[in-house]
Amino acid sequence: MATGQTDPRRRETILAATLDLIADEGVAGVSHRKIAARAGVPLGSMTYHFTGIDDLLREAFTGFAAHIVAVFERHLAPARTPEEAREAVTTLIHAVAEGPRRDLVLTQELYTLAARRPEYRTLTAAWMRSSRRLLEQHFSPPAARRLDALIEGLTLHGALDDTPPDRELTRTAVALITADP
């Protein structure tokens, strides 16, 4: 029964449902109808809050990217020495690789969109710049760039390999990558 009042968090509910649906079915499985059903909102809410599916996807992935940057921040912020920063990166890699499968799938879905569509490349480029800025608080810009690539690669390997990643291998790779010539 309609009360004439709308849920003030409906927009956030729709965005969360969008990411959940993408994690389960991929971007190709996304539709306004499926998202509305998953969010438990009327279908009309979709066009009320978003101009279209691309607007919804961009906003959902922008929020997701901010979430991942916050994960980087939580791991890196406490580090005070280069050795603490290296250990923080090692822990970050394992936290992401061994963390929620949803985040790993969403990352790959965003990368796939970015490979095909410039507006998503802009989003991923901003995400990478934010991640590198956090890394540059502890490492030189070239080391931060190498480290960012290592994080992405080891995270992907961790997501796709049935064998859990070896923490000592990660620690060694981080030390090698961050050693400036």
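I will try to describe carefully the structure that is included in this document. (Residues numbered from 1 in each chain as written. Predicted model: local features only at pLDDT ≥ 70, side-chain atom pairs only at ≥ 80, totals over all residues. Heavy atoms only, no water.)

1. Some points on empty space enclosed by the protein
Applying the stated criterion across every chain, the model contains 1 cavity of 30 Å³ or more. Taken as a whole, the largest cavity holds about 100 Å³ of empty space. The wall of the largest cavity is formed by Ile 68, Phe 72, Val 96, Leu 104, Thr 107, Gln 108, Tyr 111, Trp 127, Ile 151, Glu 152 and Thr 155. For the lining of the largest cavity, the secondary-structure elements that each account for two or more residues are helix H4 (53-76), helix H6 (101-116) and helix H8 (141-160). Per-element accounting of the lining of the largest cavity gives the leading share, 4 residues, to H6. (1 Å grid on protein atoms, 1.4 Å probe; cavity = no way out; pocket = protein on both sides within 12 Å on 5 of 7 lines; lining within 4 Å. Points joined across faces, edges and corners; volume = space filled by probe spheres on them. Helix = DSSP H or I, 4+ residues; strand = E, 2+ residues; numbered from the N terminus.)

2. Remarks on the environment of Gly 40
Relative to the assigned elements, Gly 40 resides in the loop between helix H2 (32-39) and helix H3 (44-49). Residue classification places Gly 40 among the exposed positions, given a relative accessible area of 64%. Between the C-alpha atoms of Gly 40 and Thr 13, which are 27 residues apart in sequence, the distance is 8.6 Å. (Buried < 20%, exposed > 50% of the residue type's maximum accessible area, 1.4 Å probe, protein only.)

3. Section: the pattern of salt bridges
One pass over the structure, following the stated rule, counts 12 salt bridges. Across the pair Asp 20 and Arg 102 runs a salt bridge whose closest N-O atoms are separated by 2.8 Å. Remark: Arg 102 occurs in helix H6 and Asp 20 occurs in helix H1 (residues 10-25); sequence separation between them is 82 residues. For Arg 102, a relative accessible area of 30% gives the class partly exposed. Several salt bridges converge on common partners, so that one network encompasses Glu 87, Arg 167, Glu 168 and Arg 171. (Salt bridge = Lys/Arg side-chain N within 4 Å of Asp/Glu carboxyl O.)

4. Description of the packing of aromatic side chains
In total, this model carries 3 aromatic pairs according to the counting rule given. Between Phe 61 and Tyr 120 the ring centres are 6.5 Å apart and the planes differ by 85 degrees, which places this aromatic pair in the edge-to-face class. In this pair, Phe 61 sits in helix H4 while Tyr 120 sits in helix H7 (residues 118-136), placing the two residues 59 residues apart along the sequence. Grouping residues by exposure puts Phe 61 and Tyr 120 together as buried. An aromatic cluster is defined as three or more aromatic residues linked by ring pairs; in this entry it consists of Phe 64, Tyr 111 and Trp 127. (Phe/Tyr/Trp six-rings, centres within 6.5 Å; stacked < 30°, edge-to-face > 60°.)

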